[in-house]
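# Structural overview for review
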Amino acid sequence: MSTTEVPDSNINFPKEEEKVLELWKELDAFATSLKQSKGRPKYSFYDGPPFATGKPHYGHILAGTIKDIVTRYAHGRGFHVERRFGWDTHGLPVEYEIDKKLGIKGPEDVEKMGIKAYNNECRQIVSRYASDWEEVVGRMGRWIDFKKDYKSMYPWYMESIWWVFKQLYDKGLIYKGFRVMPYSTGCSTPLSNFEVAQNYKDVVDPAVMVSFPLVEDPAVSLVAWTTTPWTLPSNLALCVHPDLIYVKIQDVKTEKMYIVMEVRVSELYKKPDQYKVLEKMAGKQLQGKTYTPLFNYFEHMKDTAFRVLCDGYVTEDSGTGVVHQAPFFGEDDNRVCLANGVVVAGGEVVCPLDGAGRFTTPVSDFVGQYVKDADKNIIKHLKENGRLVNASTIKHSYPFCWRSETPLIYRAIPAWFMRVGQMNDRLLERNNETYWVPDSVREGRFANWLENARDWNLSRNRYWGTPMPIWMSEDGEETVCIGSVEELYQLSGVKVTDLHREFVDEITIPSKRPGQPPLKRISEVFDCWFESGSMPYAQAHYPFENKKEFEESFPADFIAEGIDQTRGWFYTLLVISTALFNRPPFKNLIVNGLVLASDGNKMSKRLGNYPPPLDVVNKYGADAVRLFLINSPVVKAENLKFREDGVQSILKDVFLPWYNAFRFLLQNIERYEREEGVEFTWSESSYGGSENVMDRWIISFTQTLLDFVSKEMTAYRLYTVIPRLVKFIDNLTNWYVRMNRRRLKGEGGAADCKDALDSLFSVVITMVRIMAPFTPFLTEMMYQGCHLSIISYQVLKKKVPSFSGADCKSVHYLMLPTARKDLIHEDIERAVARMQSVVDLGRVLRDRKTMPIKYPLPEVVIIHKDVTCLADLKSLEKYILEELNVKALTLSGDKASYGVTLRAEPDHKTLGLRLKGAFKAVMAEIKTLSDETLTKFVDGGDLVVQGHKLEPEDVRIMYSFAGEKAAELSSKYEADSCGDILVMLDTTPDPEMIEEGIAREVVNRVQKFRKSAGLKVSDEVTMHYSVVPGDHSLTTIIVKHLEYIQTSSKTPLVLRAQSVTNITKTENFEVKGAKLELNITPGFPQGYAGATAITTSSSSCDSPCGQPTMDWVNVELVGANPAKNFNGSKKGGILLAGDINQWTVDKLQTCVQDIFGLYGVDLQLYYNPNKTNKVENVKFLKNNTIFAFKKNSKGGGSSQQKSGFNCKFLNVCKGAETTSLLLENPVGCPVSSLQDGLKSLKLGNLYKDDAKKTKVDISQLDSLAGLTLYA
């Protein structure tokens, strides 16, 4: 009675995953795993906090999957890995949502409602999507702690932010400045430079040329070009390059005179005859000249403003070479105007905009207009006043606010900065101490950003954020920076439990100067990126709590986020940790690329160009989504186009074959236990003892994989690990399981079956464990046995006694397996890899000739110059013959002996694009290249044609036949190569082989019928057949190959009689132009004992001792008994020595009489036990079974027919010749004249090895049955 339960073949992966989630919930699996790992070495991990105002998308799922894989893997390698979820709850993302909700247009609206009310609104929406995040993250199988999370709005988190800032302040890294900065009009706050880099868009903006008449000669105007007309009302100067040449030109049509840079005249005039050059001058000759301003708003500044300045930042590649200067709306403008005294530090600020980017006084013509909306009105004003020279548009890349999606402007604004520019060298040094995957991002994009890092604007003129802890006197002479709640209490006498603005803004600190008013907090809050960059310290409430724990685990062992964080979180982490401790914040980092929609565009909810994540998960399962994302270029920081059919392919090509192999294993464990009456168990310490080469290969391949995974995961190269794991599943399902199905089904005997089951079980359980971090659901499902609805903790784990107890209730509690080097056989792996290449090539050749694998072919020839390679292939000859369904394998090291020559054809697409005009000559020479030249090229040598070095992808190597037999060989063989292995397949049609192929077709139809009828292997049924038309050759073929058909399909097949009535199911099939009708009736026919005989042999065939090297035929005596001295045995065999065509039916009858001692008895011979197919010639005798009847006796003998030879025998190899020697005949009757037989064959002594070192005594021969000895 078997205790093994076999899972259903119809599996719904998403539903099974939901059962796994229930199991984890019941076990409290994540928390339990952390309890189990307490006390182990710590592996620290930082989770980058997402903004709390949006739902998770594929980018989050990707990064979360990478984090989950790495941290699960670390746990499985013996570490304690805390995983806490974090939220970025402050800043623009939250405030922008509130502004939209409440219709807030600017700071004045917030002032009206009050900061307390505003922040309460913000606080209420922070957790709006928390349940969505927890649902999606949990459904994806990610184990992370939501209960012990951190939010940047928690007071204890904010206190650590204050501490970080105070450290920087005390180090002299903080200062207040008035600088031109990127500014979001949508959010009414400045942004940092790295925020600007996050969101560039291609836009169409106005491009205008404007005239500036010289005061000294109003008929002559400088012409400036700008794409921001809204800055023109604030124009205070013009700038030219001092050393470049400018020209004064006259418009031929209007006679107006302009000054522009010589090389930029073409921007103003498309044809030379439209203008005349009047004068040339260097830019510095224009310096100091004054001009008439466009507007009179700032005319009071004419003593220092409205003049021409010189600076080298003016370029030759755009505009007119004359740049208009609005010093409070451009960084270079500000620098140049300050240097030339147009404006002075602390002087008047010409920035007539409010916080929302609307014009204020004195720009009276456009007051209240948003700057971008005002562009068209300004252009109209210029045109009406004769100052517009040209108006057009330009498409260019322009920065937008990453939160409000409004275009950024540059404007001067007071702000608090951190000195980063002076740290560039240290930042680069700390960066070099980190390990990135891929490293190119660290050395390229990130290093370049660090080299040019600028001071960081930490302040935001907003409300919902951590207040900057600076208290300042009204005159700015006294400043205090607070680093903790306690310090604030000591200085102010006020104890606070919340640090948001509504709680601290009213707190004052007494001045140390007698008679002076108290210090008040400045109004700014921190940039939320400063808060997330401080998360390593703030999440631990460092240094106020967990000081020892933090310092022992800093820097983090691992972090991971998208490539967009190179100028975001990765940058802020490094800047802060370098400034605080002069240490990097992390050791290892995986950078992922972006997940795009299938059309290559950014995923957009508005456009609906991607399927919702949970929809895909509920359709295919989380594991399929995880593996699709990870098995892609996106883990190498490249972009991925998300395709739902790609997820489906993972299910179809990876999970289903893997699951079917797992199910096949359990099916055969159940059968083994039922038939052998023993319970199957497996031990991790004792597996791997099988001598079968395929068992040794798959186990070795598994250990090599474990070694590879260990090395690559240590290097965080997920992009190499996943393809190897997927390839391994292919090797397991499409090679090992398929090639060993008979052994696993017990057809080679109990001992051999146990070896195969042990081997497959070891591979499956190892794969389940090593794949657990990658596909947590499917591996748990297999580990538990797919019966999660009853939580039975059985099947895989039940078969492993060591997997008992509380610590083994989940596969994710187990340690990951490590490679056993003693089980690695590189020679076997090499040989099998070569065999696979040959088989793959052979299949290609069959496909090329449209010859299905069901139809046997005469010969495959393999040519390779390396004798080791040929020996490898020879050792696996049996598998090559079976996989390619060919009769003979020929190995050779000389392709010339087969008349094979190489020729080349150019790849027109590749070479045509690269060589262009030279392609024609190169193509002609490629076609004339000699076999010798191409052979060297295939072997790895260089190939230079017409001075051009060619690569393997530039040419197609083709094979042809030369010499006298070229035509014959060409028609006989189809050839192709893989690397240096050449495979030639004899595709000559052979009637007998075609018949075998048709017999395979019949097997295929029987198996299809069994499947459609829902039959199990153990179901006892009979299949009846009929063929229409009745005289079709299919009838003869079925009779002739009945033994093979029944053995292969495990189904008794009988010719349908008219009296059959209890038919349960009928199906019709087409086979080679005939109609094959199959009917199923319950039960086996009388005398049928099953299609497979159970033996004690380790061979995979039905014979007790393998296959003789010479042709043979089995004999079974029916309806008669042998002579008395033959022990009652009714089964024997005949070795068909010599040419089989020389045998006759009479000779065959005489041999049968001799075998059973029935001399003079008239025996009639048939191919089946029902006496319906008489042996009338020897055409179908080879490797078949014949039945001997006394004359007039009835049919109905045993249907338990063999696919191997009945009797014990030896194969003996002497030189190049091999013969076979019977040890018994009939079965159970030893050959008495064995010594004489050896002498008559002149074999001499026999040895176990071809080196003739181990001699065999005649008394040992019976124990060596089925083996090959050497004479």
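Residue positions are counted from 1 within each chain, in the order its sequence is given. Restriction of local features to residues with pLDDT of at least 70 applies here, the model being predicted, together with a cutoff of 80 or more for giving and counting side-chain atom pairs; totals for whole chains, interfaces and linings are based on all residues. Side-chain metrics in this entry use all non-hydrogen atoms of the structure; hydrogen atoms and water are not considered.

## Quick word on the overall build of the protein chain
Counting its secondary structure elements, the protein chain contains 40 helices and 47 strands. Note on method: radius of gyration uses C-alpha positions; expected globular size equals 2.2 Å times residues raised to 0.38. The C-alpha radius of gyration computed for the protein chain amounts to 43 Å, which surpasses the reference 33 Å derived for 1271 residues by more than 25%, pointing to a less compact arrangement than a globule. For the C-alpha atoms alone, the extent of the protein chain along its principal axes is close to 140 × 80 × 65 Å. Burial analysis of the protein chain (1271 residues in total) assigns 56% to the buried set. Expressed as a percentage of contacts within the protein chain between residues at least 6 apart in sequence, the contacts between residues at least 24 apart total 75%. The Shrake-Rupley method, run with a 1.4 Å probe, gives the accessible areas here. Residue values count only the displayed protein chains as cover. Total accessible area on the protein chain stands at roughly 54,200 Å², and carbon and sulfur atoms take up 49% of it. Treating the 156 positive side-chain charges of the protein chain as one cloud and the 160 negative ones as another, the clouds have centres 3 Å apart. Helix and strand definitions here come from DSSP, where helices need a minimum of 4 consecutive H or I residues and strands a minimum of 2 consecutive E residues; each element is numbered from the N-terminal end. Burial classification: accessible surface area is computed with a 1.4 Å probe over protein chains only, and a residue below 20% of its type maximum counts as buried, one above 50% as exposed, and the rest as partly exposed. In this analysis, two residues are considered to be in contact whenever any of their non-hydrogen atoms come within 4.5 Å of each other. The convention is simple: Lys and Arg are positive, Asp and Glu are negative, and His and the chain ends are not counted. A single reference atom marks each charge: NZ on Lys, CZ on Arg, CG on Asp, CD on Glu.

## A short note on the packing of helix α13 (residues 424-432) against helix α14 (residues 439-451)
Axes are the key here: two packed helices are described by the angle between their axes and the distance separating the axes. For helices, the axis comes from a line fit to the C-alpha atoms of the stretch in contact; other axes are also lines fit to C-alpha atoms, and the angle between any two N-to-C directions lies between 0 and 180 degrees. Packing of α13 against α14 brings their axes to within 9 Å, and their N-to-C directions diverge by 160°. Taken together, the axes of α13 and α14 lie roughly antiparallel to each other. As for how α13 packs across α14, the hand of that crossing is right-handed. Only Arg-442, Phe-446, Ala-447, Leu-450 and Glu-451 of α14 make contact with α13, whose side of the interface consists of Asn-424, Leu-427, Leu-428, Asn-431 and Asn-432. Just so you know the grouping, Ala, Val, Leu, Ile, Met, Phe, Trp, Tyr, Cys and Pro go in nonpolar, Asp, Glu, Lys and Arg go in charged, and all remaining residues, Gly too, go in polar. Of the residues assigned to the contact of α13 with α14, the class counts are five nonpolar, three polar and two charged. Relative orientations are named as follows: roughly parallel for angles under 35 degrees, roughly antiparallel for angles over 145 degrees, roughly perpendicular for angles from 65 to 115 degrees, and oblique for any other angle. By definition, turning the near helix anticlockwise from the far helix through less than a right angle yields a left-handed crossing, and turning it clockwise yields a right-handed one.

## A closer look at the nonpolar core
One finds Phe-655 and Met-835 to be the most contacted residues of the largest nonpolar core, which totals 132 residues. Residue contacts for Met-835: discarding those within four places in its chain leaves Met-694, Trp-735, Met-739, Leu-873, Leu-876, Tyr-879 and Ile-880. Think of a nonpolar core as a cluster: buried Ala, Val, Leu, Ile, Met, Phe, Trp, Tyr and Cys residues, connected wherever their side-chain atoms sit within 4.5 Å. If you look at the next biggest cluster of nonpolar residues, it comprises 78 residues, including Met-472, Phe-554, Ala-556 and Leu-589.

## Remarks on the pattern of salt bridges
Definition used for salt bridges: Asp or Glu carboxyl oxygen within 4 Å of a side-chain nitrogen of Lys or Arg. One pass over the full model with this rule turns up 71 salt bridges. In this structure, the salt-bridge partner of Asp-505 is Arg-501, at a minimum N-O distance of 2.7 Å. Take Asp-505: its relative accessible area is 19%, and that puts it in the buried class. Taken together, the salt bridges that share partners define one network made up of Asp-47, Lys-67, Arg-142 and Glu-561.

## Details of helix α39 (residues 1145-1156)
Residues three or four positions apart in an α-helix share a direction because the helix packs 3.6 residues into each turn. Here a helix's expected span is defined as the number of its residues, less one, multiplied by 1.5 Å. Here α39 contains 12 residues, and its C-alpha end-to-end distance of 17 Å stays within 8% of the 16 Å for a straight helix at 1.5 Å per residue. Along α39, the residues that are buried comprise Leu-1148, Val-1152, Gln-1153, Ile-1155 and Phe-1156. Summarising the axial view, the buried residues of α39 lie within an arc of 160°, below the 170-degree limit, and thus occupy one face. In the core, the buried residues of α39 are packed alongside β39 (1112-1118), β40 (1131-1135), β41 (1163-1166) and β42 (1184-1190). Directly beyond the C-terminal end of α39, a positive phi value near 70° is found at Gly-1157. An arc is given here, and it is the one of the directions from the helix axis to the C-beta atoms.

## Thoughts on the packing of aromatic side chains
Within 6.5 Å between ring centres, the rings of Phe, Tyr and Trp (the latter by its six-membered ring) count as paired, and their orientation is classed by plane angle as stacked under 30 degrees, edge-to-face over 60, tilted in between. Within the structure shown, the criterion is met by 55 aromatic pairs. Residues Phe-45 and Phe-558 carry aromatic rings whose centres are separated by 5.9 Å and whose planes lie at 20° to one another, so their mutual orientation is stacked. On the criterion of sequence distance, the pair formed by Phe-45 in the loop between α2 (29-37) and α3 (58-76) and Phe-558 in strand β23 (residues 556-562) is long-range, its members being 513 residues apart. On the numbers, 6.1 Å between centres and 45° between planes, the contact of Tyr-659 with Phe-662 is tilted. Note that Tyr-659 and Phe-662 are positioned in helix α23 (residues 644-676) at a spacing of three residues, about one turn of the helix. Every member of this aromatic cluster is reached through a ring pair, and the members are Trp-163, Tyr-537, Tyr-542, Phe-550, Phe-554 and Phe-581. Lysine and arginine charges are scored as sitting over a ring when NZ or CZ, respectively, is within 6 Å of the ring centre and within 35 degrees of the ring normal. Lying over the aromatic face of Phe-777, Arg-139 brings its terminal NZ or CZ to 5.5 Å of the ring centre. Sitting above the plane of the Trp-735 ring, Arg-843 keeps its charged end 5.0 Å from the centroid.

## What about empty space enclosed by the protein?
Cavity means a closed set of points on a 1 Å grid over the protein atoms alone, one where a 1.4 Å probe fits but cannot get out, pocket means an open set with protein on both sides within 12 Å along at least 5 of 7 lines, and lining means a residue has an atom within 4 Å of a point. Grid points are joined across faces, edges and corners, and a volume is the space filled by probe spheres set on the points. Overall, the coordinates contain eight cavities of 30 Å³ or more when judged by the stated rule. As for the largest cavity, its lining consists of 13 residues, and the residues nearest its centre are Arg-72, His-75, Gly-76, Pro-773 and His-812. Top contributing element to the lining of the largest cavity by residue count: α3, with three residues. Taken as a whole, the second largest cavity holds about 70 Å³ of empty space. Along its surface, the second largest cavity is lined by Gly-91, Leu-92, Glu-195, Trp-402, Arg-460, Arg-462, Trp-464, Gly-465, Val-525, Phe-526, Asp-527 and Cys-528. Across the lining of the second largest cavity, the residue classes tally to six nonpolar, two polar and four charged.

## As for the sheet that holds β23
Taken in spatial order, the three strands of this open sheet run β15-β24-β23, and their pairing is parallel. At either margin of the open sheet sits one strand with a lone partner, and together these are β15 (435-437) and β23. Across the sheet, the mean angle separating the axes of adjacent strands is 15° when strand polarity is ignored. Strand pairing is assigned whenever DSSP identifies at least 2 bridges connecting the two strands. In this sheet, strand β24 (residues 586-592) lies alongside β15 in parallel orientation, the contact comprising three bridges. Residue Trp-436 lies in a different strand from β24, and its bridge partner there is Leu-589.

## Overview of the pairing of strand β37 (residues 1065-1071)
Relative to strand β38 (residues 1074-1082), β37 runs antiparallel, the two being bridged by seven bridges. Its bridge partner lying in β38, Thr-1066 is registered against Asn-1079. Counting the residues between successive antiparallel strands, the hairpin from β37 to β38 contains two residues, one of them, Lys-1072, with a positive phi of roughly 50°.

## Digging into the packing of helix α24 (residues 693-714) against helix α25 (residues 718-739)
Where α24 meets α25, the closest approach of the two axes is 10 Å, and the angle between their N-to-C directions is 170°. In terms of their interaxial angle, α24 and α25 are classed as roughly antiparallel. Seen from α24, the contacting residues are Met-694, Asp-695, Trp-697, Ile-698, Phe-701, Thr-702, Thr-704, Leu-705, Phe-708, Val-709, Glu-712 and Met-713; seen from α25, they are Leu-718, Thr-720, Val-721, Arg-724, Leu-725, Phe-728, Asn-731, Leu-732, Trp-735, Tyr-736 and Met-739. Residues of the contact of α24 with α25, tallied by class, amount to 16 nonpolar, four polar and three charged.

## Some points on the side chain of Arg-142
If you trace the backbone, Arg-142 turns up in the loop between α7 (130-139) and β2 (145-151). Apart from the residues within four sequence positions on either side, Arg-142 is in contact with Phe-45, Asp-47, Gly-64, Lys-67, Asp-68, Phe-85, Val-137 and Arg-626.

## Some points on the environment of Tyr-1044
Note on placement: Tyr-1044 falls in helix α38 (residues 1042-1049). Along the backbone, Tyr-1044 and Gly-1132 are 88 residues apart, and their C-alpha atoms lie at a distance of 19 Å.

## Details of the sheet that holds strand β5 (residues 200-213)
Read from one edge of the open sheet, six strands run β10-β8-β9-β6-β5-β13, paired in mixed fashion. Looking at which strands have only one partner, the edges of the open sheet turn out to be β10 (275-282) and β13 (388-399). If you compare each strand with its neighbour and ignore which way they point, the axes differ by 25° on average. In this structure, β5 lies alongside strand β6 (residues 220-226), joined through six bridges in antiparallel fashion. Residue Pro-213 lies in a different strand from β6, and its bridge partner there is Ser-221. Of the strands in this sheet, β5 and β13 touch helix α12 (residues 371-384), which is tilted by about 25° from β5.

## What to know about unusual backbone geometry
Leaving glycine out, the prevailing phi sign among residues is negative, and the prevailing peptide bond configuration is trans. Cis geometry is adopted by the peptide bond preceding Pro-438, which originates at Val-437 and carries an omega value of 0°. Turning to its location among the elements, Pro-438 is positioned in the loop between β15 and α14. For the peptide bond that leads from Phe-554 to Pro-555, omega is 0°, which places it in the cis range. Checked against the element boundaries, Pro-555 lands in the loop between α19 (547-553) and β23. The backbone phi angle of Phe-306 is positive, close to 60°, even though this residue is not glycine. Its location among the elements puts Phe-306 in the loop between β10 and β11 (307-310). One non-glycine residue, His-541, lies in the positive phi region at around 55°. Looking at the secondary structure, you find His-541 in the loop between α18 (535-538) and α19.

## Thoughts on the confidence of the model for the protein chain
Across the chain, each position has a pLDDT score giving the predictor's confidence in that residue, from 0 to 100. In this model, the protein chain carries an average pLDDT of 86, and 94% of its residues clear a pLDDT of 70 or more. Across residues 786-794 the pLDDT falls below 50, and counting only partners more than four positions away or on other chains, this stretch makes 27 contacts in the model.

## Concerning the side chain of Arg-521
In this structure, Arg-521 sits in strand β21 (residues 519-521). Distance and chemistry together define a polar contact, namely a pair of N or O atoms within 3.5 Å, with one atom able to donate a hydrogen and the other to accept it when in protein, and with adjacent residues in sequence counting only for side-chain atoms on both sides. In this structure the side chain of Arg-521 is engaged in a polar contact, spanning 2.9 Å, whose partner is the side chain of Asp-505. For Arg-521, the side chain forms a polar contact with the main-chain oxygen of Ser-523, separated by 3.3 Å. For Arg-521, the residues in contact, after removing those within four places along its chain, are Pro-467, Met-468, Ile-470, Trp-471, Arg-501, Val-504, Asp-505 and Ile-507.

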